[in-house]
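Listed here are the chains, written in short residue letters.
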Amino acid sequence: SGGYQNNRTRFSEDPLEMYAVCTKLYGQGHIEVMCHDGVSRMCVIRKKFRGRSKRHNIVSVGSYVLVGLRDWEVVAAGKKRKCDLLEVYNQTDIEKIRRFLTEEEWHLIKYTSEDIVDDDDSGIVFVNLNFFACT
């Protein structure tokens, strides 16, 4: 009666696969990630993680993910390098990955996920003006 669920944790087995943490959501299938090598990249969410398939793969700010680098892509000046989303990790997978990474790599993405602050300051200030003051 239950569906099949893969409980195996996917580890990075290729030099072009990196662990990362999501820092911004852009929409249209794009997010910004901070990889464990200290480089911020634009991540493309593949079709596998969109639509009906996103039930257990919801990506939000602070989510730990596995990304695949694009070494074949030419990057224009002033643009970020792109990567592809390969895996979204849950809390139990994160503990397994922490033992897999070195301390320097883990602290880089751990502190990035804790220090994420929404710096989108639109300049709107709400002020309470009391027009019914007695003079």
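Figured I'd write up the structure that's included with this text. (Residues numbered from 1 in each chain as written. Predicted model: local features only at pLDDT ≥ 70, side-chain atom pairs only at ≥ 80, totals over all residues. Heavy atoms only, no water.)

**Quick notes on the sheet that holds strand 1 (residues 17–27)**
No. 1: Strands sit in the order 1-2-3-5-4 around a closed barrel of five strands; the barrel is mixed. This sheet shows a mean twist of 55° between the axes of neighbouring strands, independent of strand direction. (Pairing = 2+ DSSP bridges. Helix = DSSP H or I, 4+ residues; strand = E, 2+ residues; numbered from the N terminus. Axes fitted to C-alpha atoms, helices over the stretch in contact; angles between N-to-C directions.)

**Some words on empty space enclosed by the protein**
No. 1: In the structure shown here, the tally under the stated rule is one cavity of 30 Å³ or more.
No. 2: Lining the largest cavity are Tyr19, Ala20, Tyr64, Val65, Tyr89, Ile94, Ile97, Trp106 and Ile109.
No. 3: At the level of elements, strand 1, strand 4 (64–69), helix 1 (91–100) and helix 2 (103–114) are the ones that each hand at least two residues to the lining of the largest cavity. (1 Å grid on protein atoms, 1.4 Å probe; cavity = no way out; pocket = protein on both sides within 12 Å on 5 of 7 lines; lining within 4 Å. Points joined across faces, edges and corners; volume = space filled by probe spheres on them.)

**Concerning unusual backbone geometry**
No. 1: Although it is not a glycine, Gln28 sits at a positive phi angle of roughly 60°.
No. 2: Of note, Gln28 is situated in the loop between strand 1 and strand 2 (30–35).
No. 3: By relative accessible area, which is 70% here, Gln28 ends up exposed. (Buried < 20%, exposed > 50% of the residue type's maximum accessible area, 1.4 Å probe, protein only.)

**Quick notes on the pairing of strand 3 (residues 40–44)**
No. 1: In terms of burial, strand 3 is a largely internal element, four of the five residues being buried.
No. 2: Both strand 2 and strand 3 contribute to a ladder of five bridges, which runs antiparallel. From the neighbouring strand, Glu32 faces strand 3, where its bridge partner is Met42.
No. 3: What sits between strand 2 and strand 3 in their antiparallel hairpin is a turn of four residues, with Gly38 showing a positive phi close to 90°.
No. 4: Strand direction decides the pairing type here: strand 3 and strand 5 (residues 82–88), joined by three bridges, are parallel. Along strand 5, the bridge assignment pairs Val44 with Asp84.

**Details of the packing of aromatic side chains**
No. 1: Counted according to the given criterion, the structure contains one aromatic pair.
No. 2: Measuring from ring centre to ring centre gives 6.2 Å for Tyr19 and Tyr89, while their planes differ by 45°; the resulting arrangement is tilted. Of the two residues, Tyr19 is situated in strand 1 and Tyr89 in the loop between strand 5 and helix 1; the sequence distance between them amounts to 70 residues. Considered together, Tyr19 and Tyr89 belong to a single accessibility category, that of buried residues. (Phe/Tyr/Trp six-rings, centres within 6.5 Å; stacked < 30°, edge-to-face > 60°.)

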